[in-house]
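Survey of secondary and tertiary structure
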Amino acid sequence: MSARPDLAIDLAGIRMKNPVTVASGTFGYGKEYAHLVDLRALGAVTVKGIRLQPWEGNALPRHVEVPGGMVNAIGLQGPGVVGFIRDYLPFLRETGVPVIVNIWGTSQDEYAEVAARLSDVEGVAGLEVNISCPNVKEGGASFGADPRTVAALVAAVRQRTRLPLIPKLAPNVPSIKPFAQAAADAGADALSLINTIPAMVIDIETRRPVLANQVGGLSGPAIHPVAVKLVWDAAQAVRIPIIAMGGISGPEQAIEFLIAGAAAVAVGTATFSDPGTVLRVIAGIEAYLVRHRMTSVRELTGSVRI
Amino acid sequence: MHDIVAKVRSQETLSADYRCLVIEAPAIARAAQPGQFVHLRVSGLETSALRRPFSIYRAEGDLLFLLYKTVGRGTEQLNRLRAGDTFALMGPLGNGFPLDTGGRTPILVAGGYGVAPLAFLASRIPARGLVLIGGRTAADILCEDDFTARGWEVRTATLDGSRGENGLVTLPLDNWLAAHPASPAVFFACGPYGMLRAVAERAASVLAPGWVSLDKHMVCGVGACLACVQRMRRPDGATWIARVCRDGPVFPAAEVVWEEPK
Ligand SMILES: Cc1cc2nc3c(=O)[nH]c(=O)nc-3n(C[C@H](O)[C@H](O)[C@H](O)COP(=O)(O)OP(=O)(O)OC[C@H]3O[C@@H](n4cnc5c(N)ncnc54)[C@H](O)[C@@H]3O)c2cc1C
Ligand SMILES: Cc1cc2nc3c(=O)[nH]c(=O)nc-3n(C[C@H](O)[C@H](O)[C@H](O)COP(=O)(O)O)c2cc1C
Ligand code: FES
């Protein structure tokens, strides 16, 4: 009998026992799903976006189901960095699983300040910098829309933290390459992609937008092929590792991302309909490696045959 | 809380729009408390479809009973379920109603399928009292026998007058309150938002405690996604944003900060 394949990766200094995490905003702060998913089985837990102060988010309805996924405009509701550290981090720290905190702000200073605060406490493994949320008026996507603002933001945050920095890029750009390069050159240690794709749903009877925020972001299986293309493009442009997300509903889509060039993957919307998805993805990647006689998941990353 | 594969035992048609689904779900049925709900993955919809939340209507041994109204594509699929069919079911979720009425007369106020968790409540609390059931027409008035068989008094109201009083369910409620000015009551309500708000106002006006079960569209059902929020005000005046799925769906009526109708 051969040895089990090695699923472990070192993602820019974050030591993950397997290349699978959960997508920010789809897994709360870990605690909410802890009854159903053994958090210690995950490569990392990525939590909902945090800014400096508590934030209320958007009015309801905040989501709508669509063919192939959902459109959401939660609007980054959260407890603020102090609330997160006080109320949510201790539980996660206790589990021992690497914790990636997704951060946002409405100014460069705010991003940098949140990063600094999270660098001073025990139990944060990395920072995912959300510069691509379509659902808040200020901040988020406005920083992600131009390679220069991406570079400036990443550089500003870089100065205030030694934690691995993982900018999360917007999918709705003409070419992802200059954004990936700008982030890498400014000191990013890894990249996350993709965030939701800006979307809108109109009720044809009332002729009103369904979401209170009018527009939102599309997630779920519908966006997976879009994400594969963007991950593939980005992987060719930079040498830093990529965490890929967008429409994973089983091991197949996760493996596809790894082949396209991702070092790790995140399960998002699929958790809502099946919380066991993330565990199925981990087991499925291992089974795939066995079947293809690979000894390490690292062999899979970027193995696409062109 | 469990995420299990549940098996259909039977399905009964109650009226054109309402059905009762009986399922084998031992772990959930045994833990279920009145006011809690389950999150159901509808087989027959695409795999990415969101789950649908339903109140627990009854729990007996290994069996769980849901009472649902057919309103859209998910509930239409539920109509097709036959004995032996299976689907994923998460539950019991949320916090239920308190079972101690503290010597007060329990007044249950139900609108449409909101009667389901209240029927479960009536079967689990020792006290007896009044049940008010409202609906659009006579076809929306369900479960009367569940209550009367257990010694509860039932009054009904319909918007078209086809059953009981002609009007909103607050009509028989106001009549009862006028006739019993001195009797201490405790309210339990489940139904449309406007109805819950009206009940909360009545409870406040007679200085009685009240509990309302809110119905908000849900995604995760466990408190992770923040799709189902409701603003609340604590007795000390501090406001906070509750997740209906995790912090509710049952809340003290006096603590809900009611939204204005659009
Ligand atoms: C805590 C709770 C308990 C409930 N208990 C019951 C019950 O005992 N019996 C019953 O008949 N119904 C109950 N509902 C409402 C039930 O969840 C919806 O009627 C159902 O989800 C409709 O699904 P659909 O696919 O048929 O409708 P569609 O309109 O096609 O659904 C589209 C989307 O909207 C959501 N949705 C639509 N209407 C509602 C609604 N009123 N509340 C929440 N989500 C909705 C669906 O879940 C789905 O995501 C409850 C809702 C909540 C929140
Ligand atoms: C309800 C919801 C909330 C989200 N919240 C955040 C967030 O706070 N920060 C962020 O960077 N991305 C957020 N996202 C985006 C996801 O992390 C992910 O990038 C996207 O949903 C694509 O993956 P999926 O198709 O697997 O869901 C959210 C997505 C959803 C559906
Ligand atoms: S449905 Fe996700 S938080 Fe309530």
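Definitions and cut-offs
- Residues numbered from 1 in each chain as written.
- Chains lettered and ligands numbered in written order.
- Predicted model: local features only at pLDDT ≥ 70, side-chain atom pairs only at ≥ 80, totals over all residues.
- Heavy atoms only, no water.
- Helix = DSSP H or I, 4+ residues; strand = E, 2+ residues; numbered from the N terminus.
- Rg over C-alpha atoms; globule rule 2.2 N^0.38 Å.
- Contact = heavy atoms within 4.5 Å.
- Areas by Shrake-Rupley, 256 points an atom, 1.4 Å probe, with all protein chains shown as cover.
- Lys, Arg positive; Asp, Glu negative; His and termini not counted.
- Charge placed at Lys NZ, Arg CZ, Asp CG, Glu CD.
- Pairing = 2+ DSSP bridges.
- Axes fitted to C-alpha atoms, helices over the stretch in contact; angles between N-to-C directions.
- Near = heavy atom within 4 Å.
- Polar contact = N/O pair within 3.5 Å; in protein donor to acceptor, adjacent residues only side chain to side chain.
- Nonpolar A, V, L, I, M, F, W, Y, C, P; charged D, E, K, R; others polar.
- Domains from an automatic or database assignment.
- Buried area = accessible area lost by both parts, 1.4 Å probe.
- Salt bridge = Lys/Arg side-chain N within 4 Å of Asp/Glu carboxyl O.
- Core = buried A, V, L, I, M, F, W, Y, C linked by side-chain atoms within 4.5 Å.
- Buried < 20%, exposed > 50% of the residue type's maximum accessible area, 1.4 Å probe, protein only.
- Expected span 1.5 Å × (residues − 1).
- Bend = angle between axes of the 7 residues up to and from the residue.

Here the focus is the overall build of chain A. Along its length, chain A carries 9 helices and 16 strands. Computed over C-alpha atoms, the radius of gyration of chain A comes to 18 Å, within 12% of the 19 Å expected from 2.2 N^0.38 for 306 residues, which places it in the range of a compact globule. In terms of overall dimensions, chain A has a C-alpha envelope of 60 × 50 × 40 Å along the principal axes. A separation of at least 24 residues holds for 71% of the contacts in chain A among residues at least 6 apart in sequence. Per element, the accessible surface of chain A, about 12,400 Å² overall, is 52% carbon and sulfur. The average position of the 27 basic charges and that of the 26 acidic charges among the side chains of chain A differ by 2 Å.

With that settled, consider the sheet that holds strand β1 (residues 2–13) of chain B. Backbone hydrogen bonds hold the strands of a sheet together, and the pairing may be parallel or antiparallel. Residues and elements named next belong to chain B. Spatially, β4-β3-β7-β1-β2-β6-β5 is the arrangement adopted by the 7 strands of the open sheet, whose pairing is antiparallel. If you trace the sheet from one side to the other, it starts and ends with β4 (52–55) and β5 (58–60), each paired once. Neighbour-to-neighbour, the strand axes of the sheet open up by a mean angle of 35 degrees, direction not taken into account. Where β1 lies against strand β2 (residues 18–24), 6 bridges are found, and the strand directions are antiparallel. By the bridge assignment for β2, T13 is matched with R19.

A few words now on the site of ligand 2. All names here are of chain A. Among the 24 residues in the neighbourhood of ligand 2, the closest are listed as S24, N102, K168, G247 and T269. The backbone of S24 places a nitrogen or oxygen atom 2.7 Å from an oxygen atom of ligand 2. One of the side-chain nitrogen or oxygen atoms of N102 is found 2.8 Å away from an oxygen atom of ligand 2. Relative to its unbound accessible surface of 600 Å², ligand 2 loses 98% to contact with the protein. Broken down by class, the residue content of the shell around ligand 2 amounts to 7 nonpolar, 15 polar and 2 charged.

Turning our eyes to something else, we now look at the domain arrangement of chain B. Residues and elements named next belong to chain B. The domains assigned to chain B are domain 1 (2–93) and domain 2 (105–255). Each partner contributes to the interface: domain 1 provides 21 residues, whereas domain 2 provides 22 residues. Both faces considered, domain 1 and domain 2 share a buried interface measuring about 1,800 Å² in area, 67% of it formed by carbon and sulfur atoms. Considering only the side of domain 1, the residues that lose the most area to domain 2 are Y18, P34 and Y57, jointly responsible for 30% of the buried surface there. Applying the counting rule to domain 1 against domain 2 returns 1 salt bridge. Linking D140 and K69 is a salt bridge whose minimum nitrogen-to-oxygen distance equals 3.9 Å.

With that out of the way, let us pick up the interface of chain B and chain A. How big an interface is tends to be expressed through the accessible area that disappears when the partners come together. Contacts between the two partners involve 30 residues from chain B and, on the opposite side, 25 residues from chain A. Regarding the contact of chain B and chain A, the summed buried area is about 2,300 Å², with carbon and sulfur atoms giving 58% of it. Summed over the shared surface of chain B and chain A, the number is 4 salt bridges. Between E65(A) and R73(B) there is a salt bridge whose closest N-O contact spans 3.0 Å. At the surface where chain B touches chain A, the tally comes to 7 residue pairs in polar contact (both at pLDDT 80 or more).

This part covers the nonpolar core. One finds L11(A), L42(A), V101(A), L193(A) and I285(A) to be the most contacted residues of the largest nonpolar core, which totals 147 residues. Here this core spans two domains, since at least three of its residues come from each of domain 1 (2–93) and domain 2 (105–255) of chain B. Apart from the residues within four sequence positions on either side, L42(A) is in contact with K17(A), N18(A), V20(A), V22(A), F27(A), V37(A), V97(A), V278(A), L279(A) and I282(A).

Okay, the sheet that holds strand β14 (residues 215–219) of chain A next. All names here are of chain A. Across the sheet, 4 strands lie side by side as β5-β6-β14-β11; this open sheet has antiparallel pairing. Each end of this open sheet is capped by a strand with a single partner; those strands are β5 (63–66) and β11 (197–200). Each adjacent strand pair in this sheet contributes to an overall mean axis angle of 35 degrees, direction not counted. Here 3 bridges tie strand β6 (residues 69–72) to β14, and the two strands are oriented antiparallel to one another.

Residues and elements named next belong to chain B. Around ligand 1, 19 residues are found, and the nearest of them are P53, K69, G74, T75 and D215. Take P53: an N or O atom from its main chain is 2.6 Å from an oxygen atom of ligand 1. For ligand 1, whose unbound accessible area comes to 820 Å², protein coverage reaches 86%. For the shell around ligand 1, the per-class residue count stands at 9 nonpolar, 5 polar and 5 charged. Shared between two domains, the shell around ligand 1 takes at least three residues from each, and those domains are domain 1 (2–93) and domain 2 (105–255).

Residues and elements named next belong to chain A. With 16 residues, helix α1 (residues 80–95) should reach 22 Å at 1.5 Å per residue; the first-to-last C-alpha distance of 22 Å fits that figure. Bending of α1 peaks at approximately 50 degrees at the position of L89, with proline P90 no more than four residues after it. The complete set of buried residues in α1 reads G80, V81, G83, F84, Y88, L89 and L92. Residues of α1 that are buried sit in contact with β4 (45–50), β7 (99–103) and α2 (108–119).

Under the definition given, this model contains 28 salt bridges over all chains. One connected set of salt bridges, linked through shared partners, spans E65(A), E46(B), R52(B) and R73(B).

Following L60(A), the chain continues to P61(A) via a peptide bond in cis, the omega torsion being -5 degrees. Tracing the sequence through the fold places P61(A) in the loop between β4 and β5. The peptide bond linking G91(B) to P92(B) adopts the cis configuration, its omega dihedral lying at -10 degrees. With respect to the helices, strands and loops of the structure, P92(B) is situated in strand β7 (residues 86–93). Here the phi dihedral of A12(A) falls at roughly 50 degrees; this positive angle occurs in a residue that is not glycine. Tracing the backbone through its elements, the reader meets A12(A) in the loop between β1 (9–11) and β2 (14–16). The exposure class of A12(A) is partly exposed, given its relative accessible area of 28%. The phi angle at R207(A) is positive, at roughly 60 degrees, despite the residue not being glycine. Within the secondary structure, R207(A) is located in the loop between β12 (202–203) and β13 (208–209).

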